[in-house]
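Each chain, written out:
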Amino acid sequence: SIMDSMLTTGFQATNLGKAVEEIKRMRKWRLSDTPWKEGDDEALRDPAVRSKIRARIFFAYTSNQISCGQREVIKFLVQHKMVDVIVTTAGGIEEDIIKCFEPTYMGDFKLSGKELRK
């Protein structure tokens, strides 16, 4: 699958692939995986109750993950309810707004800034 291939694609994609594996592990976890012990909340002693309590998954990323091509992967995680909360920087919003106003192009550091501003 595309998610499995991330583990060997490149530095950022490899780390994303590792994150996906961790998300799978967190999605599988239930409080019932951890034995109840003296001092724990009595309301959580019942194994049936414990089996219904799962991890809350926070997914945090910086805006460069969107501009480097990971937008579809993040969209997939959200659409398939693999994360509960998303935390990001405002850079992603800024890039989306910029792309709405004018066409954007792949640049090169060798290009003349003076020519590009014309």
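Report follows, based on the coordinates. The residue numbering used here restarts from 1 in each chain and proceeds along that chain's sequence as written. Where totals are concerned, whole chains, interfaces and linings use all residues; where local detail is concerned, this predicted model gives features only for residues with pLDDT of at least 70, and gives and counts side-chain atom pairs only at 80 or more. Working from all heavy atoms in the structure, the side-chain values ignore hydrogens and water.

Let's talk about the overall build of the protein chain
Let me state the cut-off plainly: Secondary structure counts use DSSP, requiring at least four H or I residues in a row for a helix and at least two E residues in a row for a strand, with both numbered from the N terminus. Taken over C-alpha atoms, the radius of gyration is set against a globule rule of 2.2 Å times the number of residues to the power 0.38.
The helix and strand inventory of the protein chain stands at six helices and two strands. Going residue by residue from the N terminus, the α and β elements of the protein chain occur as α-α-α-β-α-β-α-α. For 118 residues, the compact-globule estimate of 2.2 N^0.38 gives 13 Å, and the C-alpha radius of gyration of the protein chain, at 21 Å, exceeds that figure by more than 25%. Along the three orthogonal principal directions, the C-alpha set of the protein chain runs to about 70 × 30 × 25 Å.

A short note on the nonpolar core
Stated formally: Put simply, buried Ala, Val, Leu, Ile, Met, Phe, Trp, Tyr and Cys residues joined by side-chain atoms within 4.5 Å make one nonpolar core. Only protein chains enter the area calculation, which uses a 1.4 Å probe; residues under 20% of their type maximum are buried, those over 50% are exposed, and those in between are partly exposed.
By size, the foremost hydrophobic cluster in this structure holds nine residues: Ile23, Ile57, Phe59, Tyr61, Ile66, Ile74, Leu77, Met82 and Val83. Secondary structure elements with two or more residues in this core: β1 (58-61) and α4 (64-79). Here the element with the most residues in this core is α4; it accounts for three residues.

Observations concerning the packing of aromatic side chains
What counts here: Ring geometry is summarised as follows: Phe, Tyr and Trp rings, the Trp one being its six-membered ring, pair when their centres sit within 6.5 Å, and such pairs are stacked at plane angles under 30 degrees, edge-to-face over 60 and tilted between the two.
Overall, the coordinates contain one aromatic pair when judged by the stated rule. Relative to Tyr61, the ring of Phe59 has its centre 5.6 Å away and its plane inclined at 40 degrees; by these criteria the two rings are tilted. Here Phe59 falls in the buried class, since its relative accessible area comes to 10%.

Looking at the pairing of strand β2 (residues 85-88)
Short version of the rule: Should DSSP find at least two bridges between two strands, the strands are regarded as paired. Seen with the strands pointing away from the viewer, any crossover whose path from the first strand over the helix to the second strand runs clockwise is right-handed.
The pairing of β1 with β2 spans four bridges and is parallel. The residue bridging Phe58 from the neighbouring strand is Val85, located in β2. For the crossover from β1 across α4 to β2, the handedness is right-handed.

Remarks on the pattern of salt bridges
As a reminder, the rule being used: Every case where a carboxyl oxygen of Asp or Glu lies within 4 Å of a side-chain nitrogen of Lys or Arg is listed as a salt bridge.
Summed over all chains, the structure comprises six salt bridges. Glu22 is the partner of Arg25 in a salt bridge, and the nearest nitrogen-oxygen pair spans 2.4 Å. Here the residue Arg25 and the residue Glu22 both occupy positions in helix α2 (residues 11-28), the gap between them amounting to three residues, near one helical turn. For Arg25, a relative accessible area of 54% puts it in the exposed group. For Glu22, a relative accessible area of 33% puts it in the partly exposed group.

Concerning unusual backbone geometry
We note that Lys81 has phi near 50 degrees; this positive angle belongs to a residue other than glycine. Position of Lys81 relative to the elements: it lies in the loop between α4 and β2. Exposure remark for Lys81: the relative accessible area of 66% places this residue in the exposed category.

Notes on the side chain of Arg50
Under the convention used in this document: Positive charges are assigned to Lys and Arg, negative charges to Asp and Glu, while His and the chain termini are left out of the count. Any N or O atom pair separated by 3.5 Å or less is treated as a polar contact, with the protein-specific requirement of one donor-capable and one acceptor-capable atom, and with residues adjacent in sequence counted only for side-chain atom pairs. In this analysis, two residues are considered to be in contact whenever any of their non-hydrogen atoms come within 4.5 Å of each other.
Structurally, the position occupied by Arg50 is in helix α3 (residues 47-52). Buried charge without a salt bridge: Arg50, with Asp40 as the nearest opposite-charge side chain at an N-O distance of 4.9 Å. A distance of 3.3 Å separates a polar side-chain atom of Arg50 from the backbone oxygen of Leu31. Excluding residues that lie within four positions of it along the chain, Arg50 makes contacts with Arg30, Leu31, Ser32, Thr34, Pro35, Trp36, Leu44 and Arg45.

Nothing here speaks to function; it is geometry throughout.
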